[in-house]
Amino acid sequence: MSIGENIRSIRVLRELTQEKLAEMAKLSRSSIVNFETGKRAPRVDDLESIAKALRVEVSIFFQENPTPLRRKESSAASI
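So, here is what we can say about the structure in this document. What you are looking at is a predicted structure, and each value in this text was computed from that prediction instead of being measured.

### Regarding helix H1 (residues 3-13)
Moving on, step 1. Taken residue by residue, H1 has Gly4, Asn6, Ile7, Ile10 and Arg11 as its buried positions. Mapping the buried residues of H1 onto a view down its axis gives an arc of 160 degrees, with all of them on the same face.
Moving on, step 2. A positive phi of about 60 degrees marks Glu15, the residue just after H1.

### Side note on the side chain of Glu36
Moving on, step 1. With respect to the helices and strands, Glu36 occurs in helix H3 (residues 29-37).
Moving on, step 2. Note on Glu36: relative accessible area 8%, which makes it buried.
Moving on, step 3. Polar contacts involving the side chain of Glu36 include one to the side chain of Gln18, which spans 2.8 Å.
Moving on, step 4. Apart from the residues lying within four places of it in its own chain, the contact partners of Glu36 are Gly4, Glu5, Ile7, Arg8, Arg11 and Gln18.

### Some words on the pattern of salt bridges
Moving on, step 1. What the rule picks out here adds up to five salt bridges.
Moving on, step 2. For Asp46, the salt bridge goes to Arg40, with nearest N and O atoms at 3.7 Å.
Moving on, step 3. Judged by relative accessible area, Asp46 falls into the buried class, the value being 3%.
Moving on, step 4. By relative accessible area, Arg40 is classed as partly exposed at 36%.
Moving on, step 5. A salt bridge links Arg43 to Asp45; the shortest N-O distance between them is 3.0 Å.
Moving on, step 6. Judged by its relative accessible area of 39%, Asp45 falls in the partly exposed class.
Moving on, step 7. Among the ionic contacts, a cluster of salt bridges with common partners joins Arg40, Arg43, Asp45 and Asp46.

Basis of the calculations
- Residues numbered from 1 in each chain as written.
- Predicted model: local features only at pLDDT ≥ 70, side-chain atom pairs only at ≥ 80, totals over all residues.
- Heavy atoms only, no water.
- Buried < 20%, exposed > 50% of the residue type's maximum accessible area, 1.4 Å probe, protein only.
- Helix = DSSP H or I, 4+ residues; strand = E, 2+ residues; numbered from the N terminus.
- Arc of directions from axis to C-beta.
- Polar contact = N/O pair within 3.5 Å; in protein donor to acceptor, adjacent residues only side chain to side chain.
- Contact = heavy atoms within 4.5 Å.
- Salt bridge = Lys/Arg side-chain N within 4 Å of Asp/Glu carboxyl O.

Remember, this is a structural readout, not a statement about activity or role.
In structure tokens:
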């Protein structure tokens, strides 16, 4: 999977719209659309903002089959 496909799949798993993710990451909706469709590559600072909004590590975007959610959520829940 590409970085954009990974962003989209995690966003969908989080049940977020592109608009909501953009708001949370302080980016434009068109940026999110362009990243997800591969029309534009996100900069490192964009990836950091998106990762923070999705509550995942940036490295997840570079994995072939990301399985992000439970580890970070469960560790936060156990604190």
